[in-house]
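Summary of the model geometry
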Amino acid sequence: MAGVTNTPTRLTQGTRTPGGIGESTLRPDGTLKTTGEFAYASDLWHEDMLWGHTLRAPHAHARITRLDTGPALSLAGVRAVLSHEDLPHAKKYGLEITDQPVLCDGRVRFHGEPVALVAADHPETARRAAERIIVEYEVLPALTDEATATAPDAPVLHPDREDAHARHVPHPNILHRQPVTRGDLAAARARADVIVSGDYEVGMQDQAFLGPESGLAVPAEDGGIDLYVSTQWLHADRRQIAPVLGLPESKVRLTLSGVGGAFGGREDLSMQAHASLLALHTGRPVKMVYNRYESFFGHVHRHPAKLHYEHGATRDGKLTHVAARIVLDGGAYASSTPAVVGNAASLGLGPYDCPVAAIEVLGLYTNNPPCGAMRGFGAVQACFAYESQMDRVAAELGLDPVDFRQRNAMRQGSVMPTGQRVDSPAPVAELLRRVKELPLPPEAPWEAAGGPADLRELPGGLSNTTHGEGVVRGVGYAVGIKNVGFSEGFDDYSTARVRLEVLAGQPVATVHTAMAEVGQGGVTVHAQIVRSELGVSQVTLRPADTSAGNAGSTSASRQTYVTGGAIKHTCEEVRAAVLALGQRKFGWPSVTGLRLAGGKVTGADGEILAELADVLGTEAVDVEREWRHRPTKAFDPVTGQGDGHVQYAFAAHRAVVEVDVELGLVKVVELACAQDVGKALNPLSVLGQVHGGSTQGLGLAVMEEIVLDASASLVRNPSFTDYLIPTILDTPPMPVDLLELADPHAPYGLRGAGEAPTLSSTPAIVAAIRRATGRDLRRVPVRPEHIVDLSSPAGNPGPAGNPSPAGV
């Protein structure tokens, strides 16, 4: 064979493949996104397509007494109008529980619920046609909170509910209940020298992704549907859509389109079933794109929460017990509320060693907007409360708040309140030490200079509201714990197909998974894994679609772990097949210790045995495999005991804020983070995740909240005019200290990184505001009136009007 020799060449320094794990490779879509050339789902186009539009209910709880689509159908250019009565197959869907009507079934359960669909030749025609649909409502009292939802005479929102959780709840409007109990609470209270209790509240946060819900449904010749959509979980979408369309899953084909952010808000269906129904009904492609107003009604949000905590401690600063009751408002439909409840309960004690825990978490059905997955997934709400408590207990004991946390910090070998032993590094005390020792930003420079050189450096300075009067500085700390991956016995796996062949004389690897790239960086990491495992520089990632095996959701910080693990495992089998092929061709006595690197087969000491292209020749190695992490178990419904999580992630923050105590304005000067990531497969991408998660926590701390009418549960601020998110002007410098303490159970020792910084950033900022103002702030987001109005109850104020953000 030409170009092949059996005489090895010895390399003095071995061979490596650039762009492998541990390097900060650049995103292949980065330039296109920066220049605006990247094609998102909202850019999809078909020359024969119609436009879909959704009519939504203007009430949170009502009975439809009349629905007349005739006036809409009579409008020129309208091709279809569908209501609940026009659905010939399954009429409900759901991510975990099948409880949500595809179109309102005669009873409206939340403001903005889809009532009817229109398909027309032009988007404006579709919108005007929807306005012509006649709907008459009998408005019913809204269930707005725990008191109204669980009252003896409260109407049952889902009387036909059938699921396993229903057997363990005391009221049918309680969607899920999870207790976690360990130890003797009464005895622990007797041992405590100090007991501190408090009530806390977390508002409803939106994922606020910039790319609205959108997709294109194309009817196929075989009677099926091809759906191009921005989503987080292609196979879960297909599982829910197929029964609604009356089709086998094999005829429902989904392809991922460009996703403009997700953060949990795309785990549930939005327009997928609607566009597909219209396309099959009309026989033409149908495109649906939500505007920003509709997007606020079209996806789930973060659960608002009310939390009561009690902490006990001895005089030497050791926790004796934690008791908590957390109520999460799941809104009108289940979404992923049961799993969020499980997270809040199992992680509700925080990253601390404590011998006694008594935690109860409830998830409610109400007439508020449905809530489900959002970055942090139940752990965010708990972290705000338990970290606020840790500061209060430390103050009661006269201890430094960081020192008090370190005295109680869990470590490898600690036992969670669920009874699960932490069997990988848990460097909680070390993270706190590192973040505390980072250099502080310079003290208020305008004071030394006799006045600010640049008003923009002050809180409210961009509006020329202050020249430094009333501005004080505060520093706060917090640390959190987050699970990684799906939990509670869920069969969490991913599928990868890897093909290795020679094209144009060079070895090329092609990877096919159904992973949804939503910005987390799988498009870099997956190629890096292949380069490291197969030693090839050219890696092609096929578009994600349902022709590949299930990859699970891009959520729970799991994709690098699980789909990355699937790719690594599949590459190992590809490598074994390649080495076996080379052994047959070249007669190597053994393949033990051989590796692929730099496009070559090398020995353990760096000898080049053959070119990879010569080993492959005209043959291709093509392998598809599923990969699972170690199993988890469901939590006991009575005690909460069980090994429910596969991995834990930890992050600590230090926030430095400046507050204008006269105006109630907050500027976050710096938000430093220390986080253990196990192994940074792409360090630059990990930094981006830490910065992004920290910024979302900042938003929750001082500005982000969906405001509801207190009595009617109507959304009052569904726009980026009234729902504010941090901009570059609100985002401070974010020093990051990354630890890489390998988890021996994870691929490459990695630890999911995307969610943990979202937890501790919020309570750190609020702790800093407390230090600056002396106010006992127990609700987020913090608003100006919480800081300056001494006559209002700072602990639990209700929404009044359109709230002003504190962080401007």
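So, how was this worked out
- Residues numbered from 1 in each chain as written.
- Predicted model: local features only at pLDDT ≥ 70, side-chain atom pairs only at ≥ 80, totals over all residues.
- Heavy atoms only, no water.
- Helix = DSSP H or I, 4+ residues; strand = E, 2+ residues; numbered from the N terminus.
- Rg over C-alpha atoms; globule rule 2.2 N^0.38 Å.
- Areas by Shrake-Rupley, 256 points an atom, 1.4 Å probe, with all protein chains shown as cover.
- Lys, Arg positive; Asp, Glu negative; His and termini not counted.
- Charge placed at Lys NZ, Arg CZ, Asp CG, Glu CD.
- Axes fitted to C-alpha atoms, helices over the stretch in contact; angles between N-to-C directions.
- Parallel < 35°, antiparallel > 145°, perpendicular 65-115°, else oblique.
- Left-handed = near helix turned anticlockwise from the far one by under 90°.
- Contact = heavy atoms within 4.5 Å.
- Pairing = 2+ DSSP bridges.
- Polar contact = N/O pair within 3.5 Å; in protein donor to acceptor, adjacent residues only side chain to side chain.
- Buried < 20%, exposed > 50% of the residue type's maximum accessible area, 1.4 Å probe, protein only.
- Core = buried A, V, L, I, M, F, W, Y, C linked by side-chain atoms within 4.5 Å.

**A look at the overall build of the protein**
In terms of helices and strands, the protein carries 19 helices and 29 strands. In terms of C-alpha radius of gyration, the protein reaches 28 Å, essentially the compact-globule figure of 28 Å for 808 residues. C-alpha extents for the protein along the principal axes are approximately 90 × 75 × 60 Å. In the structure as shown, the protein presents an accessible area of about 29,200 Å², 52% of it carried by carbon and sulfur atoms. Across the protein, 72 positive and 92 negative side-chain charges occur, with their mean positions spaced 3 Å apart.

**Focus: the packing of helix 17 (residues 683–702) against helix 18 (residues 756–773)**
If you want to describe how two helices pack, look at the angle between their axes and the distance between the axes. Where helix 17 contacts helix 18, the axes come no closer than 7 Å and their chain directions differ by 45°. Between helix 17 and helix 18, the crossing angle belongs to the class labelled oblique. The hand of the helix 17/helix 18 crossing is right-handed. Along its contact with helix 17, which presents Q689, V690, G693, S694, Q696, G697, L698, L700, A701 and V702, the element helix 18 presents P757, T758, S761, T762, I765, V766 and I769.

**Let's talk about the sheet that holds strand 12 (residues 225–229)**
The strand order across the open sheet formed by seven strands is 3-7-1-14-11-12-13, and the pairing between neighbours is mixed. Of all strands in the sheet, those bounded by a partner on one side alone are strand 3 (78–82) and strand 13 (252–256). Looking at each pair of strands side by side, their axes are set apart by 20° on average, direction ignored. Relative to strand 12, strand 11 (residues 214–219) is paired through five bridges, and the arrangement is antiparallel. In the strand pairing of strand 12, A217 is matched with L227. Running at roughly 145° to strand 13, helix 6 (residues 234–245) makes contact with strand 12 and strand 13 of the sheet. Most of the contacts of helix 7 (residues 272–282) go to strand 3, to which it runs at about 125°, and overall it touches strand 1 (50–56), strand 3, strand 7 (114–120), strand 11, strand 12 and strand 14 (286–289).

**Thoughts on the pairing of strand 14**
Pairing analysis gives two bridges linking strand 1 to strand 14, with the strands arranged parallel. Across the sheet, residue W51 finds its bridge partner in strand 14, namely K287. As defined by bridge partners, strand 11 adjoins strand 14 across four bridges and the pair is classed as antiparallel. Each residue of the ladder has a partner; that of S214, found in strand 14, is V289.

**Things to note about the side chain of D676**
Position of D676 relative to the elements: it lies in strand 27 (residues 665–676). Polar side-chain contacts of D676 include one of 3.0 Å to the backbone nitrogen of G678. A distance of 3.1 Å separates polar atoms of two side chains, one belonging to D676 and the other to R751. In this view, D676 contacts P425, P427, L431, F650, L739, E740, L741 and R751; residues no more than four positions away in its chain are not counted.

**Some details on the environment of P285**
Positionally, P285 belongs in the loop between helix 7 and strand 14. Relative accessible area serves as the criterion here: at 6%, P285 is assigned to the buried category. When the C-alpha positions of P285 and V218 are compared, they lie 4.3 Å apart, and in sequence the two are 67 residues distant. Residues in contact with P285, not counting those within four places in the same chain, are H46, D48, M49, L50, L216, A217, V218 and P219.

**Some points on the nonpolar core**
If you look at the biggest cluster of nonpolar residues, it comprises 85 residues, and the most contacted ones within it are Y309, V702, I765 and I769. Judged by nonpolar contacts, the second largest core, of 48 residues, contains L596, A649, V677 and L681.

**Digging into unusual backbone geometry**
Look at the link from V780 to P781: it is a cis peptide, with omega at 0°. Counting through the fold element by element, P781 comes out in the loop between strand 29 (779–780) and helix 19 (784–788). Even without glycine at this site, N464 takes up a positive phi of about 55°. When you line up the elements, N464 lands in the loop between helix 13 (445–448) and strand 18 (471–484). Positive phi outside glycine occurs at E488, with the angle close to 55°. Relative to the helices and strands, E488 resides in the loop between strand 18 and strand 19 (493–503).

**Some points on the sheet that holds strand 19**
Ordered by their spatial adjacency, four strands build an open sheet running 21-20-19-25, and the pairing between neighbours is mixed. Edge positions in the sheet fall to strand 21 (538–541) and strand 25 (621–628), since each has one partner strand and no second. Ignoring which end each strand starts from, the neighbouring axes of this sheet average 20° apart. Summarising the sheet, strand 19 and strand 25 pair through eight bridges and their orientation is antiparallel. Counted as the bridge partner of V498 is V623 from strand 25. Seen against the sheet, helix 14 (residues 522–534) touches strand 19, strand 20 (506–512) and strand 21 and runs at an angle of roughly 140° to strand 21. In the packing of helix 15 (residues 559–586) onto the sheet, the strands contacted are strand 19, strand 20 and strand 25, and the crossing angle to strand 25 comes to about 140°.

Remember that the coordinates give geometry; whether it matters functionally is a separate question.
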